[in-house]
Amino acid sequence: MEAESSAAGAAAGAASTVVPLEVVYCGVCSLPPEYCEFGATVKKCMDWLEGNHAGLYQTLYSSEALESKMGTMTLEAQQKAEKDLAKKQQKEELRQEREAAKKKSSVVTIKRVERTKRKYVTVVSGIEAFELGYKTVAKEFGKKFACGSSVTKNAAGGEEITVQGDLSDEILEELVEKYGIEEENIRQVEESKKKGGGG
Amino acid sequence: MFKKPVSSSGKTKIKSSVQRNIRQKICEQFPLLEPVIDDVLPKKAQLDLIKAPERMSLYALDNQVLFFQHHNDAIMPHLRIVHKYPQCFPTVQVDRGAIRFILGGAQLMCPGLTSPGAKLPPPEGNLPEGTVVAINAEGKEHACMIGVLKMSTEDIKKLNKGNGVENCHYLGDGLWKMDSE
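Conventions we followed
Residues numbered from 1 in each chain as written. Chains lettered and ligands numbered in written order. Predicted model: local features only at pLDDT ≥ 70, side-chain atom pairs only at ≥ 80, totals over all residues. Heavy atoms only, no water. Helix = DSSP H or I, 4+ residues; strand = E, 2+ residues; numbered from the N terminus. Buried < 20%, exposed > 50% of the residue type's maximum accessible area, 1.4 Å probe, protein only. Contact = heavy atoms within 4.5 Å. Axes fitted to C-alpha atoms, helices over the stretch in contact; angles between N-to-C directions. Parallel < 35°, antiparallel > 145°, perpendicular 65-115°, else oblique. Nonpolar A, V, L, I, M, F, W, Y, C, P; charged D, E, K, R; others polar. Pairing = 2+ DSSP bridges. Patch = residues over 30% accessible without salt bridge, like charges linked within 9 Å, V, L, I, M, F, W, Y side chains within 5 Å. Areas by Shrake-Rupley, 256 points an atom, 1.4 Å probe, with all protein chains shown as cover. Salt bridge = Lys/Arg side-chain N within 4 Å of Asp/Glu carboxyl O. Lys, Arg positive; Asp, Glu negative; His and termini not counted. Charge placed at Lys NZ, Arg CZ, Asp CG, Glu CD. Arc of directions from axis to C-beta. pLDDT = per-residue confidence, 0-100. Phe/Tyr/Trp six-rings, centres within 6.5 Å; stacked < 30°, edge-to-face > 60°. Disulfide = S-S within 2.5 Å. Core = buried A, V, L, I, M, F, W, Y, C linked by side-chain atoms within 4.5 Å.

Trainee: Help me understand the environment of Lys 13 of chain B, please; the structure alone is not making it clear to me.
Mentor: Residue and element names in this part refer to chain B. Within the fold, Lys 13 resides in strand β1 (residues 11-13). Here Lys 13 falls in the exposed class, since its relative accessible area comes to 65%. Note: C-alpha distance between Lys 13 and Leu 61 (48 residues apart in sequence) is 10.0 Å. Residues within four places of Lys 13 in sequence aside, it is in contact with Gln 46, Leu 47 and Asp 48.

Trainee: What should I look at first to understand the packing of helix α2 (residues 42-52) of chain A against helix α3 (residues 54-61) of chain A in this one?
Mentor: Packed helices, taken two at a time, are described by their axes: the angle between them and the distance between them. Residue and element names in this part refer to chain A. At a minimum axis separation of 5 Å, α2 and α3 run at an interaxial angle of 130 degrees. Our classification of the angle between α2 and α3 gives oblique. Contacts between α2 and α3 involve Met 46, Leu 49, Glu 50 and Asn 52 from the former and Ala 54, Leu 56, Tyr 57, Leu 60 and Tyr 61 from the latter. Residues that form the contact of α2 with α3 fall into these classes: seven nonpolar, one polar and one charged.

Trainee: For this particular structure, what's the right way to read the sheet that holds strand β5 (residues 75-77) of chain B?
Mentor: Strand pairing within a sheet occurs via backbone hydrogen bonds; the two strands may be parallel or antiparallel. Residue and element names in this part refer to chain B. Spatial ordering of the open sheet is given by β1-β2-β3-β4-β5, a layout of five strands whose pairing is antiparallel. The strands lining the two open edges of the sheet, one partner per strand, are β1 and β5. In this sheet, adjacent strand axes meet at a mean angle of 30 degrees when their direction is disregarded. Sitting on the sheet, helix α1 (residues 16-29) is in contact with β3 (56-61), β4 (64-70) and β5, with an inclination near 75 degrees to β5.

Trainee: Hey, could you run me through unusual backbone geometry in this one?
Mentor: Across the chain, the bulk of peptide bonds are trans and the bulk of non-glycine residues have phi less than zero. Residues and elements named next belong to chain B. Positive phi values are uncommon outside glycine, yet Arg 55 reaches one of about 55 degrees. With respect to the helices, strands and loops of the structure, Arg 55 is situated in the loop between β2 (48-52) and β3. Assessed through its relative accessible area of 56%, Arg 55 is described here as exposed.

Trainee: What's the story with a negative patch on the surface in this structure? I'm lost.
Mentor: A surface patch of like charges, here negative, comprises Asp 169, Glu 170, Glu 173, Glu 177, Glu 182, Glu 183 and Glu 184 of chain A. For Glu 177 of chain A, the location among the structural elements is in helix α7 (residues 168-177).

Trainee: I'm lost on α7 of chain A in this one. Help?
Mentor: Since one α-helical turn is 3.6 residues long, residues separated by three or four positions face the same way. All names here are of chain A. Among the residues of α7, those classed as buried are Ser 168, Ile 171, Leu 172, Glu 174 and Leu 175. Projected down its long axis, α7 carries its buried residues within an arc of 165 degrees, all on one side. Facing away from the buried side of α7, by more than 90 degrees, are the exposed residues Asp 169, Glu 173 and Glu 177. Looking at the buried residues of α7, the elements they touch are β1 (108-114), β2 (120-125), α6 (134-145), β4 (159-164) and β5 (186-191).

Trainee: Got a minute to help me understand the confidence of the model for chain B in this structure?
Mentor: Low pLDDT marks stretches whose predicted atomic positions should not be read closely. Looking at chain B as a whole, the pLDDT averages 87, with 98% of positions reaching at least 70. In the predicted complex, the global pTM is 0.70; the interface-specific ipTM is 0.79.

Trainee: Please explain the packing of aromatic side chains as it appears in this structure.
Mentor: Think of a pair of aromatic rings as described by two things: how far the centres are apart, and how the planes are tilted against each other in angle. Residue and element names in this part refer to chain A. Applying the stated rule across the entire model yields five aromatic pairs over all chains. A ring pair is formed by Phe 141 and Phe 145, whose centres lie 5.8 Å apart and whose planes are at 40 degrees; its orientation type is tilted. Pair noted here: Phe 141 and Phe 145 are both in helix α6, with a separation of four residues, about one helical turn. Note on accessibility: Phe 141 and Phe 145 belong to one class, buried.

Trainee: I tried to follow the state of the cysteines on my own but got confused; where do I start?
Mentor: What is meant by a disulfide is a covalent connection between two cysteines, made through their sulfur atoms. Residue and element names in this part refer to chain A. One pass over the structure, following the stated rule, counts zero disulfides over all chains. For the unlinked cysteine Cys 45, the closest cysteine sulfur is that of Cys 29, found at 3.4 Å. You can call Cys 45 buried: its relative accessible area is 1%.

Trainee: How should I be thinking about the nonpolar core in this particular structure?
Mentor: Where a protein is soluble and globular, its nonpolar side chains tend to be buried together. Leu 33 and Leu 58 of chain B are the most contacted members of the largest nonpolar core, which totals 74 residues. With near-sequence residues (within four places) excluded, Leu 33 of chain B lies in contact with Ile 26, Val 40, Phe 67, Tyr 85, Cys 88 and Phe 89 of chain B. Ranked by size, the runner-up nonpolar core spans 19 residues in total, among them Ile 110, Phe 130, Val 163 and Leu 167 of chain A.

Trainee: Would you mind showing me how to read the sheet that holds strand β10 (residues 163-170) of chain B here?
Mentor: Residues and elements named next belong to chain B. A sheet is described by the order of its strands in space; here five strands give the open sequence β6-β8-β9-β10-β7, paired in mixed fashion. Edge positions in the open sheet fall to β6 (91-94) and β7 (108-109), since each of these has one partner strand only. Judged from the four bridges that link them, β6 and strand β8 (residues 132-137) form a sheet pairing that is parallel. Across the sheet, residue Thr 91 finds its bridge partner in β8, namely Ala 134.

Trainee: Hey, could you run me through the pattern of salt bridges in this one?
Mentor: If the charged atoms of two oppositely charged side chains come close together, the side chains can form a pair. Under the definition given, this model contains 14 salt bridges over all chains. Here Glu 92 of chain A makes a salt bridge to Arg 95 of chain A, at a shortest N to O gap of 3.1 Å. You can see Glu 92 of chain A and its partner Arg 95 of chain A sitting in helix α5 (residues 75-105), three residues apart, about one turn around the helix. You can call Glu 92 of chain A buried: its relative accessible area is 18%. Across the salt bridge formed by Glu 174 of chain A and Lys 144 of chain A, the nearest N and O atoms sit 3.5 Å from each other. With Glu 174 of chain A in helix α7 and Lys 144 of chain A in helix α6, this pair connects stretches of sequence that are 30 residues apart. Taking relative accessible area as the criterion, Lys 144 of chain A reaches 53% and is therefore assigned exposed. Each of Glu 37 of chain A together with Arg 96 and Lys 140 of chain B takes part in a single network of salt bridges with overlapping partners.

Shown next as structure tokens:
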């Protein structure tokens, strides 16, 4: 703490030569590593730091560092903080598990809808489960396939991408290749206005 | 302010005259930053304005938010800038117990600023109410929050009760995550 104030004093004295500090940010939780311990992904953060910045890992997580940083907190407050943190971590783990499961079970639907006898639009829905934005993906589709592509609201209140033209196979390929969605998570559906007709 | 992820509605380029104004304002607000303003905000650079909900304006350079401003309030730096130039901003320090609350987005209460692990500027360096401050933490090297003083630092010492600093931007909030993605 003294060092900081003296550093600030020195900097004020030689202000013209202020050099920006390079700060390492954790690759897992994006915070400066010294704050990882307050996040919910401490274990992963530690592993990452050990692999990528071994020196920093030593200074932050060596046993002396762990002891000294307890600092001025009372024992009671410490225990409370630890309890809270453990709870948070558990929650985070659960959340991640749930998300992974959800990702596995969720399906992207590519629907070919007949507009007139020989014209089709392709409707893509369900990509939000894969952390994709409708707006950006719609734009990409428009660019890639050189066609009209927009985000529309469907009857259920959700959003979907409407691409003009029959592009279901191309979109399937694109989703797998560019956005990394497993093929088994994509379903192709055909929908015609007259039952049994079309196709 | 950024507890939720920021949903921006597009960005626009800022006129160079407006940009000059912003630059000047920043210099006025953070006199210590003036020597390095050219590094932070090069004269020729094209700033972008990103509008966020609730009248929040984000000033970005190369897709990285540098400063943000609520309506016409004080301009505040992004934490990344504070990390790079920690000596250029007025700083107060909180004790270790407060860190986890800050990272959860809580307002900063006075006792966290007056306990043994915390540090406030000396009486002669009193910071008035409304000053934008970087919040450092006990035993940590980097700032973890940007806030506005709700009362002067002397008042914090005297009263030692209630809300001392308004939490505007903290590590891991929506604004922080928006940048690191």
